[in-house]
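Residue-level structural notes
These are the residues of each chain, in order.
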Amino acid sequence: MKQSKSAKVLSYAVVALLLVLYIVPLLLVFNVSFKSFTEYLLNPIGLVSDIQWNNYKDAWTQGNFSNYFLNSLLYTGVATVLTLIVSLFGAFPVARNYVRWSGLIYLFFLLSQFLPNPMVAQFKLMLAMKQEFGFVGYDTRLGYILLKTSGTGIVFMMFTGYIKSISRELDEAAGMDGCGYSRYLFQIVLPLMKPVIATGVILTAIGIWNDFVGPVMYLPSPANYPITFGLKEFRGQYGNNWPMLACGIMIVSTPLIVLYTFIQKYIVDGALAGAVKA
Amino acid sequence: MYPFGKGISRFVPFLLLLIPLALYVLFYFGPSVMTVIYSFTNITNLPGSGMKFIGLDNYHDVFFSGNSGERVDSIIRTLYFMFIVTVVQNGIALLVAVIINQKLKGDYFFRAVFFLPVVLGVAVVALVWSMMFDPLSGPVNQLYQALFGYKDMFFGSFSHAFGYIIFVQIWMYMGYSMLIFLAGLQSVPKELYEAGYIDGTTKWQSFRHITFSLIAPSFTVNMLLSIIGAMSTFDIILATTDGRFNTRTMAYDVYKETFRGSLEMGLPSALSVVQFLIILVFVIVAVKQMRKREVEY
């Protein structure tokens, strides 16, 4: 079908308007991050005239960002890897009917998407664990990581679907050669699942890295803050000093934007797979 | 048949399956069920205190106790939030998806930009818009003043703060809905449009009868995601106003009363159950409506 010229122009106009709404805020933040506080107060919007590189240094040291980054990397890295492994432990036997009541277990795991809000009792549980054991539960790194490790979510469902497409004869051949179950999972199945693992990693990692509510609830000690909570605290510390806060925003978002430009296609596809399968 | 050995080793898959099962039961399924049970008790957060079943008292208190006016306001605000977000977000997303789908130059770039807020996360998005909406020096206020000679308090305004939160919510997730629509649009066979073109359909007719019917599944997914999302998320509220200036929703109330309120746990539990029931009703209605529209081809 032919597109009329005016329709095309209108389309570009709508998209351009929206692009302004999405890009301009980030450009303004970038611009403000180089201003001195005085310059910002006198001229908050105009192009920066006297670039203050020191802003970044100050924000980095005073905001304690290196600590937050390490925490975020730790939580995201460990919980993502664990999520993939336990999802595989769940998905493989269920997809293959290697355990009794596979269908029932699948439905039970699926139910995780439709449960009533567990927050109240979860909070009591985290407190009780902390009191009982000390090293796990409320305000512990391990407690938060375990909370974020889930083998029943979207990754589990994606894995189950994908494993069904892997030939069962492979299992039999490996079994015949005397390969054990866990060795088979890690050395044969896992490498075969590369595409779906990439999607799973991205979905899980974005979710945990950007988790805001979880740390606010369960990680109240400054030593345990991830980057999201750190940014919130930084805001509390600097109030309306927007050049400083803009540096904070840039410090947190630049690595994400750089990463995003490289693996954009996978992220977009991953988000779609997650939504459509859910 | 299980090919990996006999005897004891037959139980290995089950033992490994116990790990995700235990995590799920311990952290999500168990607490979820317990929350429902708590909602009928007078449980508190004091260590060592017992609990007694008190029937529907907590539910009564949600709606008819001394400070339940605020809570009912939250419930109404939550429904308002859900309607506006679902309609506006999906409306804009569908429009953008249709536009991008006609092979504009730079469509990949547009997709990437509109999805960026999800990648950046709530903490960053909330701070960016707090700067844009700063009442003293924020660019939006300067724009308002230049255009209308008027200034706003934004996240500090009792009457407008919630509107701006809705705006940020839609700004953040519009790209996500758009991607889902785009995937739906790309699966519509081109021949259908050509057939329609030969039969002399107008642009609007072909959109209404071909596109709109065939992307019904993505519509269902988007409706469900927005309804459930709007009913149960409160992270943008937490990160912008922290519940002040008339911006509390049900999900925020549950959080607030669990973590920073009284030691009573029965009331927030009852509130969670009410929240769940509302979600359930809307999801069932939405799915029923949507299923009617989905066509086979």
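The structure displayed is predicted, hence computed values, not measured ones. (Residues numbered from 1 in each chain as written. Chains lettered and ligands numbered in written order. Predicted model: local features only at pLDDT ≥ 70, side-chain atom pairs only at ≥ 80, totals over all residues. Heavy atoms only, no water.)

Digging into the overall build of chain B
Filter applied, for reference: Helix and strand assignments follow DSSP, with helices taken as H or I runs no shorter than four residues and strands as E runs no shorter than two, numbered in order from the N terminus. For the radius of gyration, the atoms used are the C-alpha atoms, and the globule rule reads 2.2 Å times the number of residues raised to 0.38.
What chain B contains, in helices and strands, is 13 helices and zero strands. For chain B, the succession of helices and strands along the chain, N to C, is α-α-α-α-α-α-α-α-α-α-α-α-α. Expected size for 297 residues packed as a compact globule is a radius of gyration near 19 Å; at 24 Å, chain B overshoots this value by more than 25%. Its C-alpha atoms give chain B principal-axis dimensions of about 75 × 75 × 35 Å.

Digging into the overall build of chain A
This is how it is decided: The cut-offs for exposure are 20% and 50% of the maximum accessible area for each residue type, with area from a 1.4 Å probe on protein chains only; residues under the lower value are buried, those over the upper are exposed, and the others partly exposed. Only heavy atoms enter the contact rule, under which two residues are in contact if any of them lie within 4.5 Å. Computed by Shrake-Rupley with a 1.4 Å probe, the accessible areas treat only the displayed protein chains as cover when residues are assessed. Neither His nor the chain ends contribute to the count of charged residues, in which Lys and Arg are positive and Asp and Glu negative. Here the site of a charge means NZ on Lys, CZ on Arg, CG on Asp, or CD on Glu.
Looking only at helices and strands, one finds 14 helices and zero strands in chain A. Starting at the N terminus and walking to the C terminus, you meet the elements of chain A as α-α-α-α-α-α-α-α-α-α-α-α-α-α. Taken over C-alpha atoms, the radius of gyration comes to 24 Å for chain A, far larger than the 19 Å a tight globule of 278 residues would show. Its C-alpha atoms give chain A principal-axis dimensions of roughly 75 × 70 × 35 Å. Going through the 278 residues of chain A one by one, you find that 50% of them count as buried. If you take every contact in chain A between residues at least 6 apart in sequence, the share linking residues at least 24 apart comes to 69%. Here chain A displays about 12900 Å² of accessible surface, and carbon together with sulfur accounts for 67% of that area. Side chains of chain A carry 19 positive and 12 negative charges; the gap between the two charge centres is 8 Å.

Digging into the UniProt feature "domain: ABC transmembrane type-1" (unreviewed entry) in chain A
Just so we agree on the cut-off: UniProt positions are given in the numbering used here, feature names are shortened, and annotations may be inferred rather than shown by experiment.
This chain's UniProt record puts "domain: ABC transmembrane type-1" (unreviewed entry) on residues 69–263 of chain A. Summarising residues 69–263 of chain A: 76% helix, 0% strand, and an end-to-end C-alpha distance of 20 Å.

With respect to the packing of aromatic side chains
Operational definition: Between 30 and 60 degrees the pair is tilted, below 30 it is stacked and above 60 it is edge-to-face, where a pair is any two Phe, Tyr or Trp rings, Trp via its six-membered ring, whose centres lie within 6.5 Å. Here, over-ring charges are defined by two tests on the NZ atom of lysine or the CZ atom of arginine: distance to the ring centre within 6 Å, and angle to the ring normal within 35 degrees.
Across all of its chains, the model carries 58 aromatic pairs over all chains by this definition. An angle of 55° between the planes, with centres 6.3 Å apart, marks the rings of Phe133(A) and Phe135(A) as tilted. On the numbers, 6.2 Å between centres and 80° between planes, the contact of Phe234(B) with Tyr252(B) is edge-to-face. Residue Phe234(B) is found in the loop between helix H10 (216–232) and helix H11 (235–240), and its partner Tyr252(B) is found in helix H12 (residues 250–259); the two are separated by 18 residues along the sequence. A relative accessible area of 5% places Phe234(B) in the buried class. Here a set of aromatic residues connected by ring pairs shows up, and it is made of Tyr22(A), Phe114(B), Trp129(B), Phe133(B), Tyr144(B), Phe148(B), Tyr150(B), Phe154(B), Phe155(B), Tyr164(B), Phe167(B) and Trp171(B). Directly above the aromatic system of Phe162(B) lies the positively charged group of Arg77(B), at a separation of 5.9 Å from the ring centroid.

Section: empty space enclosed by the protein
Once rolled over the atoms, a probe with the size of a water molecule shows which space is left empty. Cut-off, in case you're wondering: Here a cavity denotes a set of grid points, spaced 1 Å apart and computed over the protein atoms alone, in which a 1.4 Å probe fits but from which it cannot get out, and a pocket denotes an open set meeting protein on both sides within 12 Å along at least five of seven lines; residues with an atom within 4 Å of a point are reported as lining. Grid points are joined across faces, edges and corners, and a volume is the space filled by probe spheres set on the points.
With the rule as written, the count across this model stands at one cavity of 30 Å³ or more. Size it by volume and the largest cavity reaches roughly 50 Å³. If you go around the largest cavity, the residues you meet are Trp209(A), Asn210(A), Ile227(A), Thr228(A), Leu231(A), Val252(A), Leu256(A), Leu120(B), Gly121(B), Val122(B), Ala123(B) and Val124(B). Elements with a minimum of two residues in the lining of the largest cavity: helix H13 (227–238) and helix H14 (242–277) of chain A together with helix H5 (122–132) of chain B.

What to know about the UniProt feature "transmembrane region" (unreviewed entry) in chain A
Residues and elements named next belong to chain A. Within the UniProt annotation, "transmembrane region" (unreviewed entry) is assigned to residues 12–34, 73–92, 104–123, 143–163, 184–209 and 242–263. Secondary structure across residues 12–34 divides into 91% helix and 0% strand, with the first and last C-alpha atoms of the span separated by 32 Å. Along residues 104–123 the backbone is 60% helical and 0% strand, and the end-to-end C-alpha distance reaches 28 Å.

Describing the UniProt feature "transmembrane region" (unreviewed entry) in chain B
The feature "transmembrane region" (unreviewed entry), as annotated in UniProt, sits at residues 12–30, 79–100, 112–132, 161–185, 206–228 and 265–287 of chain B in this numbering. Span residues 12–30 of chain B is 100% helix and 0% strand, its end C-alpha atoms 25 Å apart.

Quick look at the domain arrangement of chain A
All names here are of chain A. Heads up, the rule is: An automatic or database domain assignment is the source of the domain bounds shown. Once two parts are put together, the accessible area they lose, assessed with a 1.4 Å probe and summed over both, is termed the buried area. Think of a salt bridge as a Lys or Arg side-chain nitrogen and an Asp or Glu carboxyl oxygen that are within 4 Å of each other. Pairing of N or O atoms within 3.5 Å defines a polar contact, subject to two protein rules: one partner must be a possible hydrogen donor and the other a possible acceptor, and residues neighboring in sequence count only if both atoms are side-chain atoms. Here the nonpolar group is Ala, Val, Leu, Ile, Met, Phe, Trp, Tyr, Cys and Pro; Asp, Glu, Lys and Arg are the charged ones; every other residue, Gly included, is treated as polar.
Taken domain by domain, chain A holds domain 1 (1–51) and domain 2 (62–276). Using only C-alpha atoms to locate each centre, domain 1 and domain 2 end up separated by 34 Å. On the domain 2 side, the residues contacting the eight residues of domain 1 number eight residues. Buried surface at the junction of domain 1 and domain 2, summed over both partners, amounts to about 680 Å²; 85% is from carbon and sulfur atoms. In this assembly, domain 1 and domain 2 are joined by zero salt bridges. Taken together, domain 1 and domain 2 are joined by zero residue pairs in polar contact (both at pLDDT 80 or more). Only helix H1 (5–32) and helix H2 (37–42) provide two or more residues apiece to the side of domain 1 that touches domain 2. With three residues, the single largest contributor to the side of domain 1 that touches domain 2 is H1. The residue makeup of the side of domain 1 that touches domain 2, split by class, is five nonpolar, two polar and one charged.

Structural notes on the confidence of the model for chain B
The condition that has to hold: Residue-level confidence of the predictor is what pLDDT reports, using numbers from 0 through 100.
Looking at chain B as a whole, the pLDDT averages 87, with 98% of positions reaching at least 70. Per-element averaging of pLDDT across chain B places helix H9 (residues 203–214) of chain B at the bottom with 79 and helix H1 (residues 12–38) of chain B at the top with 94.

Some remarks on the interface of chain B and chain A
At the interface, 91 residues of chain B touch 90 residues of chain A. At the boundary of chain B with chain A, total buried surface from both sides reaches about 8500 Å², with 78% on carbon and sulfur atoms. Three residues, Phe4(B), Phe27(B) and Met131(B), lead the burial of chain B against chain A; their summed loss comes to 9% of the area buried on that side. The tally of links between chain B and chain A comes to zero salt bridges. Scanning the region where chain B abuts chain A turns up 19 residue pairs in polar contact (both at pLDDT 80 or more). Of the residues forming the side of chain B that touches chain A, the biggest block, 21 residues, is contributed by H1(B). Of the residues contributing to the side of chain B that touches chain A, the split by class is 71 nonpolar, 13 polar and seven charged.

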